[in-house]
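# What the coordinates show
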Amino acid sequence: MQHRRKPASAAAPPAAKQPPARRPAARLSLAGLVVSVFLIATLLYSEDVVKAASGSSGSSSGSAATTAAAEVGASGRARSPDLRVLQEAAHQDVEADALHARQEAEEQEDPDRKEAQHEQQQPLALPVGVVPEEELVENTKRQQEEQTQKQPPPQAVADAAAAAIAGCDLYRGRWTFDAAGEQAPLYRESECEFLTEQVTCMRNGRRDDSYQKWRWQPDGCDLPRYDARLLLERLRNKRLMFVGDSLNRNQWESMVCLVQSVVPWGHKTLQKFVNNGSLNVFTAHDYNATVEFYWAPFLVESNSDDPQVHSIMDRVIAWRAIAKHAKNWKGVDYLVFNSYIWWLNTFEMKVMKGTSRRGHQQQQQQEKERWSKYALVDRPVAYREVLKTWAKWVDRHIDPNRTRVFFMGMSPNHITPWAWGNNGGIKCAMETQPISNNRTGRLDIGTDWRLHGVARGVLARYLRRVPVQFVDITGLSELRKDAHTSVHTLRQGKLLTPEQQADPKTYADCIHWCLPGLPDTWNHFLYAHIISPSPPSSSSQDH
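All of these numbers come straight from a predicted model, not from anything done at the bench. (Residues numbered from 1 in each chain as written. Predicted model: local features only at pLDDT ≥ 70, side-chain atom pairs only at ≥ 80, totals over all residues. Heavy atoms only, no water.)

## What about the overall build of the chain?
Under the convention used in this document: Secondary structure elements are defined from DSSP: runs of H or I of at least 4 residues count as helices, runs of E of at least 2 residues count as strands, and each element is numbered from the N terminus. In this scheme, a residue with accessible area under 20% of its type's maximum is buried, one over 50% is exposed, and one in between is partly exposed, where area comes from a 1.4 Å probe on protein chains only. Contacts are residue-level and defined by heavy atoms, with any inter-residue pair within 4.5 Å sufficient. Accessible surface area values rest on a Shrake-Rupley calculation with a 1.4 Å probe, where residue burial reflects the displayed protein chains alone.
Helix and strand counts for the chain come out as 18 helices and 17 strands. For the chain, buried positions account for 42% of its 543 residues. In the chain, once contacts between residues fewer than 6 apart in sequence are set aside, the share between residues at least 24 apart is 80%. Total accessible area computed for the chain in this model is approximately 31,000 Å², and 50% of it derives from carbon and sulfur atoms.

## Description of the packing of helix α13 (residues 379-397) against helix α14 (residues 449-462)
The condition that has to hold: Each axis is a line fitted through C-alpha atoms, and for a helix only the stretch in contact is used; angles between axes span 0 to 180 degrees, taken between their N-to-C directions. The labels follow the angle: roughly parallel below 35 degrees, roughly antiparallel above 145, roughly perpendicular from 65 to 115, and oblique for the rest. In this scheme, a crossing is called left-handed if the near helix is turned counterclockwise away from the far one by less than a right angle; it is called right-handed if the turn is clockwise. Throughout, the ten residues Ala, Val, Leu, Ile, Met, Phe, Trp, Tyr, Cys and Pro are labelled nonpolar, Asp, Glu, Lys and Arg are labelled charged, and all others, Gly among them, are labelled polar.
Running from N to C, α13 and α14 point in directions that differ by 30°, and their axes come no closer than 9 Å. When the axes of α13 and α14 are compared, the pair comes out roughly parallel. The two elements α13 and α14 cross, and the hand of that crossing is right-handed. Only R450, L451, V454, A455, V458, L459 and Y462 of α14 make contact with α13, whose side of the interface consists of R379, P380, Y383, R384, L387, K388, W390, A391, K392 and D395. By residue class, the composition of the contact of α13 with α14 is eleven nonpolar, no polar and six charged.

## What to know about the sheet that holds strand β11 (residues 374-378)
Where we set the bar: In this scheme, strands are said to pair when DSSP sees at least two bridges between them.
The strand order across the open sheet formed by four strands is β7-β8-β10-β11, and the pairing between neighbours is mixed. Whereas interior strands pair on both sides, the edge strands pair on one side only; in this sheet they are β7 (301-302) and β11. The strands touched by α13 are β8 (316-318), β10 (348-352) and β11; relative to β11, the strand with the most contacts, the crossing angle is about 105°.

## So, the sheet that holds strand β9 (residues 334-337)
If you walk across this open sheet you meet the seven strands as β4-β5-β6-β3-β9-β12-β13, and the pairing is mixed. Two strands in the sheet have a free side with no partner beyond their single neighbour: β4 (268-274) and β13 (468-471). The sheet shows a mean angle of 15° between the axes of neighbouring strands, taken without regard to direction. With four bridges joining them, β9 and strand β12 (residues 404-408) adopt parallel strand pairing. Pairing of L335 across the sheet is with V405, part of β12. Contacting β3 (239-244), β4, β5 (279-284), β6 (289-295), β9 and β12, helix α10 (residues 246-260) runs over the sheet at an angle of about 165° to β6.

## Describing the pairing of strand β17 (residues 509-513)
Counting buried positions along β17 gives four out of five residues, so the element sits mostly inside the fold. In terms of strand pairing, strand β14 (residues 484-486) meets β17 through two bridges, oriented antiparallel. Bridge pairing in β17 places H484 opposite W513.

## Things to note about the state of the cysteines
Selection rule: Two cysteine sulfur atoms make up a disulfide if the distance between them is within 2.5 Å.
Throughout the structure, instances matching the rule amount to four disulfides. Shown here is the disulfide that connects C168 with C221, its sulfur atoms set 1.9 Å apart. When the S-S torsion is -70°, as for the bridge of C168 with C221, the disulfide is left-handed. Taken together, the residues span a long stretch of sequence, with C168 in the loop between α8 (154-165) and β1 (173-177) and C221 in the loop between β2 (214-218) and α9 (228-235) at a distance of 53 residues. Here the two residues C168 and C221 agree in accessibility, since each one is buried. Among the cysteines of the chain that take part in disulfides, numbered as they appear in the sequence, the pairing is 1-4, 2-5, 3-8, 6-7.

## Comments concerning the packing of aromatic side chains
To keep it simple, the criterion reads: For Phe, Tyr and Trp, where Trp contributes only its six-membered ring, two rings pair if their centres lie within 6.5 Å, and the inter-plane angle classes them as stacked under 30 degrees, edge-to-face over 60, or tilted in between.
One pass over the full model with this rule turns up 18 aromatic pairs. Ring geometry for W175 and W216: centres 5.2 Å apart, planes at 70°, overall edge-to-face. Of this pair, W175 sits in strand β1 while W216 sits in strand β2, and the two are 41 residues apart along the sequence. Taken individually, W175 and W216 each receive the classification buried, so the pair is uniform in this respect.

## Some remarks on unusual backbone geometry
For the bond running from A184 to P185, omega is 0°, close enough to zero to count as cis. Inspection of the secondary structure puts P185 in the loop between β1 and β2. Geometrically, the link from L515 to P516 is a cis peptide bond, its omega value of -5° lying close to zero. Topologically, P516 is positioned in the loop between β17 and α18 (518-530). Backbone geometry at F273 places phi at a positive 60°, although glycine is not the residue there. Note on placement: F273 falls in strand β4.

## Quick look at the pairing of β9
Neither face of β9 is exposed, since Y334 and V336 on one face and L335 and F337 on the opposite face are all buried. Across four bridges, the pairing between β3 and β9 is parallel. Counted as the bridge partner of M241 is L335 from β9.

## Notes on the nonpolar core
Test applied: Residues enter a nonpolar core if they are buried and are Ala, Val, Leu, Ile, Met, Phe, Trp, Tyr or Cys, with the set joined through side-chain atoms within 4.5 Å.
In this structure, V291, W329, W390 and F407 are the most contacted members of the largest nonpolar core, which totals 108 residues. The residues touching V291, leaving out its near neighbours within four places in the chain, are L235, L240, F242, W252, M255, V256, V259, N280, V281 and F282.

## Some details on the packing of α10 against α18
Where α10 meets α18, the axes come as close as 9 Å, and the angle between the chain directions of the two elements is 70°. Taken together, α10 and α18 sit at an angle that is classed as roughly perpendicular. Here α10 contributes L247, N250, Q251, S254, M255 and L258 to the contact with α18, which in turn contributes P519, D520, W522, N523 and L526. Class assignment for the residues of the contact of α10 with α18 results in six nonpolar, four polar and one charged.

## What to know about the confidence of the model for the chain
Where we set the bar: pLDDT measures how confident the predictor is about each residue, on a scale from 0 to 100.
Per-residue confidence for the chain gives a mean pLDDT of 80; residues scoring 70 or more make up 67%. Contacts from residues 46-81, a stretch scored under 50 in pLDDT, to residues over four places away or in other chains number 29 contacts. Between residues 356-360, whose pLDDT stays under 50, and residues either more than four places distant or in other chains, the model counts ten contacts.

Have a look at this one:
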């Protein structure tokens, strides 16, 4: 049965005009009205309305109903509704109303909420006391500049150092134990990656490190406090070269460690066995400075000049031939020479016969034949002739206005423990303390003091134009029986095995020194001289 749509005026007649007897019929009319409303709602939502609703996500359900009503009027028929869309639209309206009501309630309960939300939108503030990275960098630069300004200028430090050691015998004094480690050691073994295994005694198993904590205290003055940056400033755009035997290489390693500590990683390099293998070069690139070592154990030519294969017992020297080596010393700003340990194998030295100042030019002869003809000469005599050849070359070819020259004293051995009262000892093995400073008289441990006297005499007599400073390390180093590498070192390129370490009579090395250690003190003497404004006026300085 179809119902017709009644006019609006007839749909709800005034209640006053209806007779009371027809109240039950009103209930039926109300049920019919509910059904009619449902049917009208069904007709109002067609597929076109669904499309419109899905196409415009922001439209309200009221506007969708209006559109649908218009389309129903145009088409005359409606399609089945999408109830899911109706439910979603209703839920959106309900959720929007609920959210609005909740926000109003929260704002009434917490009036500072809006201000807090505003603050959350601002950039995140750092905790109290934390400085932004950009500001931290600027502060660091400012502090460094202020610290630099507070420090006395390098020239003032150099002048003060020169004044402090002026007229003072640096090599007369005593060994002082620095238990707190304030001034010794000047670096840590683990901090210098350029140390070789030959000298890293702690890494190689030595248990006591007391040998690192002894510093030299001159009588009547103080060594200037070591400053790596000041030394590097002195070496800026310059070359410092050690020339000599393995003891000078030992000292060169020490100097590399002393300067590299303030050079950032990536700004320093070490090249070994360049220039036909005779030269090792450490470079501090920011300073354009080099610290070099050149292998020449006798200073003049010999059959032991190969820097890697030189373990020759039958050693022969050409005491007038120096140009082959010396050409590599030209243009160097600081030259540090030594030659001693290789002279101790025999009491007489083998000197090539018929050599002259041009003996190095005999290239047509076979090497074996060249070194097979020699004469035996007493050790001090041969040493004097070699140093005369060296001194004359220095005086003729070195520019004293550019280059400063040093000659190191003799580095002693410790292979006679009875000389210092250890009758049951084996060479320098197990020694942990220096020989007492209070000892009177010369210590007889086998040092050839004749060569020490020859060196001082040649420097005084044959160097007239170029001053050479004699760094007299011999006496003070004789006290350091505790500082050798002993059994904590290499043998033929390999670390000693536990079995070899247990045999110090055969394997203990009482010639070379642990690092950090005694060679750092030798370099502290060099440091004091290098930072001084000018070289001394005569070659007898420090003799």
